[in-house]
Every structure is written in structure tokens, then in C-alpha cells.
Amino acid sequence: MMDAALTLTGITKTYPGVRALDDVSVSVERGKVHAVLGENGAGKSTLVGIAAGSVVPDSGTIGLGGEQFARIQPRAARERGLAIVYQIPALAPSLTVLDAVLLLLPESKRPKRRGAGEWLTRHFEKLGLRIDPAATISSLSLREAHLIEIAAALASEPSVLVLDEPTEALGPEETRWLFDRIEELLAQDVAIVYITHRIPEVVEIATDLTVLRDGKVVGRGVVADYTEDQIVELIVGRSLETTFPDKAANAPEDEPLLEVLELSGPGFSNISLSLLPGQIIGLAGVEGNGQREFLRALGGHGSTSGRMLVRGEEVSLRNPRSTTRAGVAFLPGDRIGKAMFGKMSVRENVMAPSIDEAMPTGFADRRREYRMTREAVDGLAVKTPTLETPVMALSGGSQQKVLLARARLGNPRVLLVEDPTQGVDAGARVEIYAFLRALADSGVAVVVLSTDAVELEGLCDRVIVFSRGQVQATLTGTDVTERAITGAAVLSTTGSVRTVDAVPSRKRRIPPALRGEVQAGVLVFLTIALGIATTFVSSAFVSPLNISQLLAGASVIILVGLAQLLVVMTGGIDLSVGSVIALSTVVISFFGQGGPGYFALGVALTIAVGLGVGLVNGLLVTRLSLPPVIATLVTSIAIVGVAQVLRPSPGGSATGDIMTAIGTTIGGVPLVLVVAVVVSVLIWFIIQRTGLGRGFRAAGSDPVKANRMGVSVPRMRLYAALAAGVLAALAGLVLYTRTGIGDANTGQALTLTSVTAIVIAGASIFGGSGSAIAVAAAGLLLQTITNALSYLGLSLSWQYWLQGAFVLIAAVIPMIARYRRRAREIE
Amino acid sequence: MSEQTTTSTAAPRTAPADRRSAVSEVLSWPGTRALIAVLALFAVSPLIAIGSVSPTAIVSMLPFAALIAIVAVGQTLVIQQGGLDLSIPGAVTLGALIAAKFGTEWDLATAIVVAIVGTSVFGLLSGIVIAYFGLPPLVVTIASNALMIGAVQAISGGFSEQSAKALSDFALSRLWGIPVLAFFAVGIVIIVHIVLKLTRLGRRFELVGENPRSAANIGISTRGYVISSYWLATMLGATTGVLLAGLLRLPTLTAGNDYLLPSIAAVVLGGTALTGGKGSVIGTALGALFLAQLGQLVQTFTQATAVQNIVQALIIGVGIVAQLQLGGSSARLKGLMRRSAVPTPNTSDSMRSEK
């Protein structure tokens, strides 16, 4: 105990309705593998999440690197030598492999950005991996992402390494490879926390063990003191016989209830099965071998060919609506995201699919609904204070029971259940198993997908093991054993993945770092084409005066577009940029009548004002967690008010000297455009090449994963808001150099323009990516359009129509491209 | 919650009650807090400005409350579907312009129908793009707002129009001494409330808003509900515009800009969650009443619209923060009292971390 590298003491963590961890203490010693065991939802992942800083405990202390913490930030944990490999890789999807690895490494281990690519290639080579450092995370498979996270953890030379179900996505060869790495680390006295539910692995590599059940420690000690069976019993909490109901008697002679004929879809092909009423069939396999996709296809999600018959009648699998109508009820594993209506009551959740029956007259009848709800949950022991309690407030087990009650109320003929006991405590499990068996006995065909082979063994009459989208084995009767199921699943992987370095070389598309620049090229081309076309109509378009005005105007759009880009990239939106521009022109207009020194003071003050607005926006969003759109809308209106108070009517024209000075051109190019372009390049560099830029992209791409990677998402959002305030103030200054007056009512339309600019620049409107250089090109194009309109004899309304249409078209195109790409992958 | 984590197999099978006691049931309605806020505001109004609750003052305030309520009912529907409609300014302005310009040129009734139905086409467009392409509502409605402003520019040529006398007579008329617009708004609110709370359609609408993926999984086709929310929001926005044209007689070409923030603020103050799902249009209407009375109060202090804007934005901001922080969950309220500090929201602190 003296030599513990990581100690967790008295950790308690509650989620709404669930006590995930209850006074848990674990001490991990150097040079040993400490296995943390338990069923799904026992609290293992929460525990290591707390150690790694991605979950904040309610109480307890974390001891790491000789210090004690009540809570720890992910970055701080990494800096103190803790490296973690999550069960689902926590890598923000829009980053490149290189970006992700650099972000994961602690400061002291991070190589210089220049040459980092080669360093990473060498590191991968040393480990026997062949992964392109320039590939985007979202284009990688789950397996590859896992290997990258492992590689990054190894590169950080940790003192504590946490592995959360590392072998789930790996084949036997890769598992062997991982165990060899673990041996090396043990030799260097590294402490290893190993989470798994594969008992043989524990026996093979672990020295110490801690077993969790329903958030409590139920066993700890030295692995060698236990037999495999004893460990299983500790995990499950009772002997297997008492957990599971009796199976169906000999198969009743009957017509098949459910028949699936040569069904194919993304991830699986040519699957056929037939199921009698009263039977429970299990779907098994290593994660990612098509079993999930197959189950979802039966629920009406994404099959491409094949047929399904229920009681001999063909059922369309086009959408969940047609399958539901045919009596197929589907309970997805992601209860919160895909099955429940979290904030709505138990009653509303149970009644949801049976609204027609609950409201026979077309109008709601509370009493009838209560009666039906009671009937539905009868015998299920749903623990809830009232039927009006939001379902989110119940425990995982009670939530699942509510969903099962709902399914039963609809008198289904076929029930599809994905991970029925995920996050369900041990007591409720038993009831759920009994419920499923009783439902089957009443003549329903039940299809269960589970990652837990013990569960399948105990519950199912027949188990189908998937491999690479096909049926690897079908086990029936006494062959349905945990050993046979895992055996068939694991055996199958040998074929698919021979060696670790067999990463298929993928077709190289345009690297993401360059995609923005390609977009910029297209936009510049469009600008020139439009310019030429306009010149044919009116040659005055290319007069030096007009071009100079056009370029100066473009710089306003470029700057305000960059402001919007940074905010959108971090997952927000800023509706106050137009108002900041108005306020800036007003503020600077009070300084236009003095000398240059006085004017410079005004410029500084204007920028400070922009910074202030950005600070307010940023704090409203990060501290008070206001939605960005509402926060910036409120500030926007307040700022315009301030601008109007300062200057009720436009005025404050600058002296000629100052106008001349700020209107300087360099070889026909206005100084302000040069400034705008320099700022664009600078921001492009920051986004693409620096740690801050990686943080921005990660935060916008996936806040939860970014936080796990050690990025402080609120800080990134605050920085983006500050930068947006300053850039919008700069845009206001540039606008003043063109008009020479302060006008509180100007600039509002520029908010729309800023959004248009980033959308046509190809930045992701969901956050995470975007090129500042493409925004600059978009600014140029938009101003050229505005400018060309008058030469083409079109009214001002076209400016709005074109911008609106641009946003819609530019935003829809990537969506269509994605649909088509997906369609192609299915083929 | 009295959830047991240490479960025994012999779980107590005491049946849960149908609902809580009537008092706590009423207190848990989202509209209740809005009602308390409105009552409190009216109670302090005479302390701030003596004339602010006189019958004259209230009668002059009600038409504006009615307009905010109508436009905010539409916004409520969109927010229930997890979206936000930023095209309200365009819808209000376009509705007002068409009613004013063509109300004198054509038959008034035709002009009103064209103003409302014609404008709503843009809402239909937003809804279709959002439902079928999964684009963020913010971006789509910003774009459709631009399309409507473009239409305003094209139709008006940059000049405001005087609206027909019949329209302004109607908008300014009173029934039993109460502005007719108030009846109009109350009617719309009651109809929408009944449809939402008492019909199959309304229940499905709320289910889809709460979680479209869950709704799809139990066989509800979700797109129609999403599309109709944007369609109705724009239609109600245009209706507000028509009435505004009557009320103002000479609606400006930026008349709708003043309705975006109030439409959202009324929804938030009314207790409808921005994350979608169940909503309360009665709460929204009370929120609108609150905002209109607030505007009235601020007006008694200063005639400058700029200052009014600042003060209103600040108070609305505070109100939104308060409503969101208290967030409809009494647990959070209790937490505030117990620890005196707002629990800092943390992105990691989600259920997702336990996978």
C-alpha cells in the first residue's frame, strides 16, 4: 500500500436516480496490473473516469503522483503521468491523427510541431502500427482509433496506465501485442488499471483485483487466491441458476412466427433465420461485426435487400413505422437517446405507442391513461413515487421496466431488445429476465442482442454468433454456453484481422488540412468569373475606384466572417457581431476629429470595447450556460441601445487627414484589405498548427470527447468569444474607414453576411472545422456580388435572396454528399 | 428519489400513486412561475410608477402583449421541436408589408390571406430543409429570414406603406373596453393549448419534440411535426405582422426586428425548456404579458427607445438566466439554497460518461 501510484478513497458519484459509485476505495500499486471487474453498469467506467478527471465525483479523494485532489482536471491528470484508453476512444472526430496524439500528450512529452509528423510515424513504426498521421479520426475504424489511443498513451510514458475494456475491439493477435506492451511497462514499474469482463485475461495478466457490483466494492484481493468460478460469482452476485428463468420446453410444433430471408444491409449480408413463437434468440459477436446493424434493420433501420415475414406476411423494413404496424417492437440499447422520452412522465412514456387506444374519442382521458399504465407495469415493480414522475429520474432498471411495459402494452408479436440489462442493477436483472421469458411463453418471438455471453447462455434458446457481417455459428440447446459463444466470436476474428499492422491503406482523399484551401480556390475562381461577367455588362466595374471600394468592403466581411468562424468552430454562434460593428463605428467616430495620436487612442478603446462584449458573451455562455444564440441576441440588443444612446443620429465624420491616412492603398490594394488578409493567415495558422487551434477544433467537434482529451471546453468557448469581439470591433473600424461616420443603425445585416461567409467557406456549421483562408475568399466573393448587383441592374433585394439561397445551398450540399457516400458504402 | 441501489429480490410491490398532491402538481406547472412573476410585476408596478396599473395604462399595454403572445406561441412550437426560429423578424415585417400595401390596392381580406399564407411558405421551406437535411435550425432560419427581407425589399422598393383604414380600425377597436387584439391572442393561445394538451396530435407533437429518435422508434413519422412547427411559427409571425400593420398604421420595414428577442424571452419566461418537448403556451402568454408590462414600466422613465432597449435587454437577460438556472427542476432550486452556489455545469458530467 505504501507504494501506491494511484489511490481513490471513499469515492461516491450519483447520477439522477442512480448511485453509480458508493464509497469506493481502490489503491493501485506500481509494477502491477490491477483488474477492476464487474457487470455492465457496475460503475467501472465511472470509477476510472473519476481517476482520469473526465467525471467529477460527489465526494472522495483522488491520490495521484503524491498529491491528493477532491477533483482533478483531465489535463492535470495527464500531466501527472496518468494515461487512459477509453472503452470508446475519446478522440474528437474532426481532428487528424497527429492533432489528436499531440493533444493527448502531456506538455513535457510533446514534440515540436515541426517534425511531429515524422516523430509520430516513427513512433507508430516502433509499435508496429501503420496508420497515416494525416488521416482524419472520423475516417478511421473503431479498432484503429483504439490503437491510436493506446499508442498515444504509450508515447506519454505514463506512471499509471488505465485500460478500459481494451480488448473489446481487438483481435487475438492485437490482444497479444497489447499484453506484450503491458509486460514492458510493468518492467518499468508502471501501475496498470485493467477493466474487463473477460475472466481469462484477468487470470493471465492481473495481480490484484477489485470487484464492483451496483456501485459498491464487493470483493478485493489477490487474483491468485480466486478460481475463475469464484470470480464470476463475485461479479454476478449469485449463482447463475437462480438468476435465469427456465428455458422453453421442447420446441412447440408451430408455424414460424418470424422469418428473415437473406437480409443484407450496411455491415451484414445474407442473414436468414426463423423463429417460433415462444422462443428467445440471442445475437452475439465481437463488437462491430454486424449484429447490431442486423437487429436495427429488423426494427426498420437501414436494410438494403432481403425480406422479413411475420406470421407468413411480408413486412416492409423501410422505416420503423411499418415494422411497428406489423407488431414488431424494438427497444434500442441507447435508452436515453433512442427509446425514452426523458423529461416526460412514466405515464406518457408507457402510453406513447398506444395513444390511439388511450384516446379513443380523440381527446385525452387522464383516468383511462392511469388505468392502462397500471395494467402495463403490473408485476414489474417499477420503483417510482408517482406515475407523473419524469422517467429520467428513475434508476436504470426501472427505466428499462417502463420500456418493457410499454412494449407489452402494444401486444407485440416480435420483441427486439438491444442490451436489455445495460446499466441495470443485479436485482432488476432477474426481474427483466423473468419478464422476457414470460413474454415469450405468452407466444411472442424475442430477439435479444447482448455483449454479455453469460446473459445469452442463461436466457436464450438459440444464439447466433456474427462475424464480419455473417453468421459464424448457430448454437442451440445445450450448446448455448458462455464458452461456446465467446469461443465462436473470438475464433472468428482471427480471419478478419491477421496482424496489427494490416491497416488497409485507404484511398487518399484531399487531406482535411487542405480541403479549406481548395474551397478558397473555388471561391476565388467564382469571384473572378463573376467580375469578368459583370465587366462585360458594364466596364465601369473594373475602374480602379470601384475595385478599391470593393476590396475595402470585402475586408469588413472577411473580418466579421473570421469572428463568426471562431465561435462556430467551437460549437456556438454569435448574433452580436453586427451590433459590435455598429458600436465600434460609433465609438471611433468620437476620435476622428483630433490628431493621429488621439485617433490611435480611439482605435485602442474600440478594440477594448469589442473585447468587453466578447467577455460578456463568453461568460454568459460558459458561466451561466445560456445557449449562445440567446446570450448573443440579448447582448446584441443591449449594445445597439448603447450605440444609439451615444449617437442618436449618424455623425462624427473624420477629418480629411485621417481619412486619407487610413484609406492608404499599397499598389492599388487598400491597407485595410492587407490587414484583413494578414489576420486571416494568422488565424489560419493558429487553427491549423497550434495547440490552441487543436483545442478549438476538438471542443467544437465533440465537447465530451474533447474534455476527456484534456481540452477545457469552456475556456475554448470563452477565448473564441473574446476573439470574435475583437475581430468584430476591427471590422467596425474598417467600416468606419470607408464611411467616415459613426452610425448606430449600420452593421446589422453583417450578422447574416458573417454566417453566409462561413457557410460558403465550407466550415462545418456543427463546429469542429473550417478554414480562415476560405472565409477570406468567401468575403471577397460576397462583396463582389453586392458590388456587381448595381452594375447588373439588380435591386438590393437580390443581395438578401442570394445570401439566403447561398446559405441553404452551401449547407445542403455536404449533406447530400454524405448521403451519397453512405449509399455507396452500403453497396 | 428513494431509489434503492442495494436491491433485494423481494422488492416491495407497493403501487406508486397516480400523481402528487394537487398543490405540488399546480406548483410544478411551468406556467405557475410565470404567473407568479406577472403578479409580482403588477404588484410592484405602482410602487415604481403610480400610473402604470391604471386602466388606461393597461388598456394601452394589452395590444402589445397580445402581439408578443401571438408571435411567441409560434416560437413555442418551434422550441418544443428543439429548434429556434430566427426568421421571426422577416415574417412579421413581410406580413405587415403585404397587408399594408395590398390592403389598399386589393380587397382587404384577400390581402390578409396572402400576407399570412404567402409568408408562411418561407416557414414551410425552413421546416422542410430542417426536417429532411438535418441542418441546424439557426442557420436555416437565418437564411429564410434573409429571403423574406429580400421579398420585403422587392415588394416595398424601400418605402413603407399606409395600411387600410378598416385594418387599423379593427386593430384599435375594443370590446367591453378591452382591446380586441387581446381577445384574439387569448383565442389563439386557448386553441393551441387544447390541441397540444388534449388531443392525440398534441401528445405526439410533444413526444416528437422531446426525443425525435425515440418517437421514430415507436413508429411515429416525425418530419411532419417538425415541418408544421416552422410553418405555423411563420404563419403566426405573419399574423402578428398583419395586426401590427393595423396598430401602427404605417409599419416600418424593420418593424419585425423588435419581435425576435421578446418571442424567445416570452417562451423561456413561460417555462418551456429550450431543449424541446413539453411546452406551455399559457406560460408563454404570461411571459408576453410580463414583457409588455415591463416595456410599459421602462417607458414611464424614459422616452428614448435606445435606453428602453438597453434596460429591457438587461432585464430579459436576467429573467432568462433566472428561469434557466432554476430550470424547472426543484432539485436545482433546493441545491441553490443548500450550497448557495450554482453548480457549475460541466460537459463531462453527463450520463454519457457511463457507457
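You'll find chain B entered in an unreviewed UniProt entry as ABC transporter permease, with Antiquaquibacter soli given as the organism. Taken verbatim from the UniProt record of chain B, the Subcellular location (unreviewed entry) comment is "Cell membrane".

Going by an unreviewed UniProt entry, chain A carries the name ATP-binding cassette domain-containing protein and comes from Antiquaquibacter soli. UniProt annotates chain A under Subcellular location (unreviewed entry) with the comment "Cell membrane".

1. A look at the overall build of chain A
For chain A, the helix and strand inventory stands at 32 helices and 22 strands. Its C-alpha atoms give chain A a radius of gyration of 31 Å, within 12% of the compact-globule value 28 Å for 827 residues. Here the C-alpha coordinates of chain A stretch approximately 100 × 70 × 50 Å along the principal axes. Per-residue burial for chain A yields a buried fraction of 56% across its 827 residues.

2. What about the overall build of chain B?
Regarding its fold elements, chain B presents 15 helices and two strands. Classification of the 355 residues of chain B by burial places 54% in the buried group. For chain B, the share of sequence-separated contacts (at least 6 apart) that also reach a separation of at least 24 residues comes to 77%.

3. Looking at helix α27 (residues 691-701) of chain A
Because each turn of an α-helix spans 3.6 residues, side chains separated by three or four positions end up pointing in the same direction. Across the 11 residues that make up α27(A), a large majority, nine, are buried. In the core, the buried residues of α27(A) are packed alongside α3 (97-104), α21 (544-569), α26 (671-689), α28 (703-708) and α29 (713-739) of chain A.

4. Considering the packing of α21(A) against α29(A)
All names here are of chain A. Contact geometry for α21 and α29: axes closest at 8 Å, N-to-C directions at 170°. Taken as axis vectors, α21 and α29 run roughly antiparallel relative to one another. Residue-level inspection shows A552, G553, S555, V556, L559, V560, L562, A563, L566, V567 and M569 of α21 in contact with α29, the latter providing A720, A721, A723, A724, L727, A728, L730, A731, V734, L735 and R738. Considering only residue class, the contact of α21 with α29 consists of 19 nonpolar, two polar and one charged.

5. Side note on the interface of chain A and chain B
The partner chain B presents 78 residues to the 95 residues of chain A that form the contact. Looking at the side of chain A that touches chain B, its residues break down into 58 nonpolar, 25 polar and 12 charged.

6. What about the sheet that holds strand β10 (residues 216-222) of chain A?
Residue and element names in this part refer to chain A. Judged by pairing direction, the sheet is mixed, and its six strands sit side by side in the order β6-β7-β8-β3-β9-β10 without closing on themselves. Two strands bound the open sheet, and with one partner strand each, they are β6 (82-85) and β10. Across the sheet, the axes of successive neighbouring strands diverge by a mean angle of 15°, strand direction being ignored. Here strand β3 (residues 33-37) runs beside strand β9 (residues 208-213); their pairing, made up of four bridges, is parallel. By the bridge assignment, A35 is partnered in β9 with L209. In the packing of helix α1 (residues 44-52) onto the sheet, contacts are made with β3, β6, β7 (160-164), β8 (191-195) and β9, and the angle to β7 comes to roughly 150°.

7. Some points on the domain arrangement of chain A
Domain boundaries assigned for chain A yield domain 1 (4-243), domain 2 (258-496) and domain 3 (512-826). Computed over C-alpha atoms only, the centres of domain 1 of chain A and domain 2 of chain A are separated by 31 Å.

8. Regarding the environment of L562(A)
Here L562(A) is to be found in helix α21. Residues within four places of L562(A) in sequence aside, it is in contact with V679(A), S680(A), I683(A), L727(A), A772(A) and V775(A).

9. Here we look at the sheet that holds strand β12 (residues 268-275) of chain A
Residue and element names in this part refer to chain A. Ordered by their spatial adjacency, four strands build an open sheet running β12-β11-β14-β15, and the pairing between neighbours is antiparallel. Whereas interior strands pair on both sides, the edge strands pair on one side only; in this sheet they are β12 and β15 (313-315). Direction aside, the axes of adjacent strands within the sheet are offset by 25° on average. Where strand β11 (residues 258-265) lies against β12, five bridges are found, and the strand directions are antiparallel. Bridging from a neighbouring strand, L263 pairs with I271 of β12. In the packing of helix α10 (residues 291-298) onto the sheet, the strands contacted are β11, β12 and β14 (305-310), and the crossing angle to β11 comes to about 120°.

10. Topic: the environment of I320(B)
Tracing the backbone shows I320(B) in helix α14 (residues 305-326). Overall, I320(B) belongs to the buried group, with 25 C-beta atoms counted inside 10 Å. Those residues in contact with I320(B), other than ones at most four positions away along the chain, are L626(A), I630(A), A265(B) and V268(B).

11. Remarks on the pairing of strand β18 (residues 445-449) of chain A
Residue and element names in this part refer to chain A. Taken across its five residues, β18 has five buried, putting it largely inside the fold. Bridge count for strand β13 (residues 280-284) against β18 is four bridges, and the pairing is parallel. Across the sheet, the residue bridging to I280 is V446, located in β18. Sheet analysis places strand β17 (residues 414-418) next to β18, joined by five bridges and oriented parallel.

12. Considering the packing of helix α3 (residues 55-80) of chain B against helix α8 (residues 180-198) of chain B
All names here are of chain B. Running from N to C, α3 and α8 cross one another at 25°; their axes reach a closest spacing of 8 Å. Classified by the interaxial angle, the pair formed by α3 and α8 is roughly parallel. Pair α3 / α8 crosses with left-handed handedness. Across the interface between the two elements, L62, P63, A66, L67, A69, I70 and V73 of α3 pack against L181, A182, F184, A185, I188, V189 and V192 of α8. When grouped by side-chain class, the residues that make up the contact of α3 with α8 number 14 nonpolar, no polar and no charged.

13. Observations regarding unusual backbone geometry
Residue and element names in this part refer to chain A. Not every positive phi belongs to a glycine, and D23 is a case in point at roughly 50°. Within the fold, D23 resides in strand β2 (residues 18-29). A positive phi angle is found at D189, which is not glycine, with a value near 70°. Tracing the sequence through the fold places D189 in the loop between α6 (172-187) and β8.

14. Quick notes on the confidence of the model for chain A
Interpretation of this model should avoid reading the predicted coordinates in detail wherever pLDDT is low. Within chain A, residue pLDDT values average 83, and 93% of them lie at 70 or more. Under a pLDDT of 50 for its full length, residues 493-508 of chain A has, in the predicted model, 25 contacts with residues more than four places off or in other chains.

15. Let's talk about the confidence of the model for chain B
All names here are of chain B. Averaged over every residue, the pLDDT of chain B is 79; the share at 70 or more is 87%. When mean pLDDT is compared element by element in chain B, helix α11 (residues 223-248) scores highest at 92, while helix α15 (residues 330-339) scores lowest at 41. The low-confidence segment residues 1-13 (pLDDT under 50) makes 23 contacts with residues lying over four places distant or belonging to another chain. In the model, residues 328-355 has pLDDT below 50 throughout and makes 39 contacts with residues more than four positions away in sequence or in other chains. Here the predicted complex scores 0.81 on pTM and 0.78 on ipTM.

16. Structural notes on the environment of I282(B)
Residue and element names in this part refer to chain B. With respect to the element layout, I282 can be found in helix α13 (residues 281-301). A C-alpha to C-alpha distance of 6.6 Å links I282 and V189, two positions 93 residues apart in sequence. Ignoring anything within four residues of it in the chain, the contact list for I282 reads G31, V189 and H193.

Parameters and conventions
Residues numbered from 1 in each chain as written. Chains lettered and ligands numbered in written order. Predicted model: local features only at pLDDT ≥ 70, side-chain atom pairs only at ≥ 80, totals over all residues. UniProt positions renumbered as here; feature names shortened; annotations may be inferred. Helix = DSSP H or I, 4+ residues; strand = E, 2+ residues; numbered from the N terminus. Rg over C-alpha atoms; globule rule 2.2 N^0.38 Å. Buried ≥ 20, exposed ≤ 12 C-beta atoms within 10 Å, placed from the backbone. Contact = placed C-beta atoms within 7 Å. Axes fitted to C-alpha atoms, helices over the stretch in contact; angles between N-to-C directions. Parallel < 35°, antiparallel > 145°, perpendicular 65-115°, else oblique. Nonpolar A, V, L, I, M, F, W, Y, C, P; charged D, E, K, R; others polar. Pairing = 2+ DSSP bridges. Domains from an automatic or database assignment. Left-handed = near helix turned anticlockwise from the far one by under 90°. pLDDT = per-residue confidence, 0-100.

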